[in-house]
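# A look at the structure
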Amino acid sequence: MSFGVKNRVAIVTGGSSGIGLETVKLLLKEGAKVAWCGRSEERLRESLDQLSTLYPHENMLIQSADVLDKSSIDAFIGKVASHFEGIDMLINNAGQGKVADFDNTQDEEWLSEVTLKYFGVLNPIKAARPYLQKSSIASIVNVNSLLALKPERHMVATSAARAGLLNLSKTLSQEFAQEGIRVNSILIGMVESGQWRRRFENRSDQSKGWDEWIRGIAKERGIPLGRLGYAHEAAQALVFLASPLSSYTTGSVVDVSGGFSREI
Ligand code: NDP
């Protein structure tokens, strides 16, 4: 079965690493034209070099842009639309989480978490919306976290901000339905990626290697599937929701948490 995205145009924010990079790869594999951004020019260039050996160069576009910098996102999205003559899918993936409990979260950190989770999505959506309105398969997918439904004390600000983003995604799905733009979300539990690599570098018990450390986390947290997810598994859910394969689905949420969510 095909995703139906051949020659369609997709944007992936934060496409230079982890889940975003796997999403870019899968879209290219399916024949889509893909543009991706990130803040680091170097990481973007590395991802382009890696993918250029596998997929047609003319189907790819990179540009350094910070999702929180409205003018750089406007410029990026405008360039994608003129280069590929339109935009069909927007995948809002860029971001990171903040590990801190209530007593260790300063006011500025609350503000920066809420700003990232809201404007990291709002800026690209506002810029892409006029182009999406002209697409026959328009969709937006927001990468969210299981924290939105299942808050964790050690990530207090991220949990609260993620809940707001889930709420916002639902409202937008209703608002944009009349324009033919679908809006969906995935809720990630724990996926092996750059975020976890960074936490691994700063782990308290330096005697453990990556495999032992990551298996220990899965066991300690009681993930029923017994491991963390892989970035390509989140990417598969993202591309499904972005693509016409999910054409009658909007305002929905796909849980990619290995069964970690106990909610029904
Ligand atoms: P990675 O750190 O591997 O990748 C993050 C990507 O986003 C990079 O390309 C990074 O590039 C880019 N990025 C970060 N901030 C910005 C910004 N302000 N503007 C533009 N690009 C940005 O992370 P993951 O793949 O793990 O995470 C992807 C998404 O999934 C994030 O939103 C994360 O919060 C979410 N998530 C991940 C979980 C996990 O377990 N991995 C759990 C729950 C949610 P650069 O740094 O160069 O800008």
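Note that the structure is a prediction, hence the values are computed from the model and not measured.

Below, the discussion takes up the packing of aromatic side chains. Inspection of the entire model under this criterion finds four aromatic pairs. Ring centres of Phe200 and Trp210 lie 5.4 Å apart, and the angle between their planes is 85 degrees; this geometry places the pair in the edge-to-face category. With a gap of 10 residues between them, Phe200 in helix α6 (residues 194–201) and Trp210 in helix α7 (residues 210–221) connect regions that are remote in the sequence. By the burial criterion, Phe200 is buried, and Trp210 matches it. One residue, Arg203, lies across the ring of Phe200, its end atom 3.9 Å from the ring centre.

Once that is clear, we can look at unusual backbone geometry. Backbone geometry at Asn7 places phi at a positive 65 degrees, although glycine is not the residue there. Counting through the fold element by element, Asn7 comes out in the segment before β1 (9–13). Taking relative accessible area as the criterion, Asn7 reaches 47% and is therefore assigned partly exposed. A positive phi angle, near 60 degrees, is found at Glu85, a position not held by glycine. For Glu85, the position within the fold is in the loop between α3 (70–84) and β4 (89–92).

Moving on, we come to the site of the ligand. Not every one of the 29 residues close to the ligand is listed here, only the nearest: Ser16, Ser17, Arg39, Arg43 and Ser193. Contact distances for the ligand include 2.9 Å between a nitrogen atom and a backbone N or O atom of Val67. In a pocket analysis with a 2 Å cut-off to the grid points, the ligand is assigned to the largest pocket. Every element with two or more residues in the shell around the ligand is listed here: α1 (18–29), β5 (139–145) and α6.

To continue, consider the domain arrangement of the protein chain. Segmentation of the protein chain into domains returns domain 1 (9–190 + 230–256) and domain 2 (192–228). Placing a centre on the C-alpha atoms of domain 1 and another on those of domain 2 gives a separation of 25 Å. Contacts between domain 1 and domain 2 engage 11 residues on the former and 11 residues on the latter. Approximately 920 Å² of surface area, both sides summed, lies buried where domain 1 meets domain 2, with 53% of it carried by carbon and sulfur atoms. Among the residues domain 1 hides against domain 2, the three largest losses belong to Gln96, Met190 and Tyr230. Together they make up 60% of the total. Counting every contact that joins domain 1 to domain 2 gives one salt bridge. Arg227 serves as the salt-bridge partner of Glu233, at 2.8 Å between the closest nitrogen and oxygen. Across the domain 1-domain 2 interface, the total number found is one residue pair in polar contact (both at pLDDT 80 or more). Taken together, the residues of the side of domain 1 that touches domain 2 break down into five nonpolar, five polar and one charged.

The rules behind the values
- Residues numbered from 1 in each chain as written.
- Predicted model: local features only at pLDDT ≥ 70, side-chain atom pairs only at ≥ 80, totals over all residues.
- Heavy atoms only, no water.
- Phe/Tyr/Trp six-rings, centres within 6.5 Å; stacked < 30°, edge-to-face > 60°.
- Helix = DSSP H or I, 4+ residues; strand = E, 2+ residues; numbered from the N terminus.
- Buried < 20%, exposed > 50% of the residue type's maximum accessible area, 1.4 Å probe, protein only.
- Lys NZ or Arg CZ within 6 Å of the ring centre and 35° of its normal.
- Near = heavy atom within 4 Å.
- Polar contact = N/O pair within 3.5 Å; in protein donor to acceptor, adjacent residues only side chain to side chain.
- 1 Å grid on protein atoms, 1.4 Å probe; cavity = no way out; pocket = protein on both sides within 12 Å on 5 of 7 lines; lining within 4 Å.
- Sits in = over half its atoms within 2 Å of the grid points.
- Domains from an automatic or database assignment.
- Contact = heavy atoms within 4.5 Å.
- Buried area = accessible area lost by both parts, 1.4 Å probe.
- Salt bridge = Lys/Arg side-chain N within 4 Å of Asp/Glu carboxyl O.
- Nonpolar A, V, L, I, M, F, W, Y, C, P; charged D, E, K, R; others polar.

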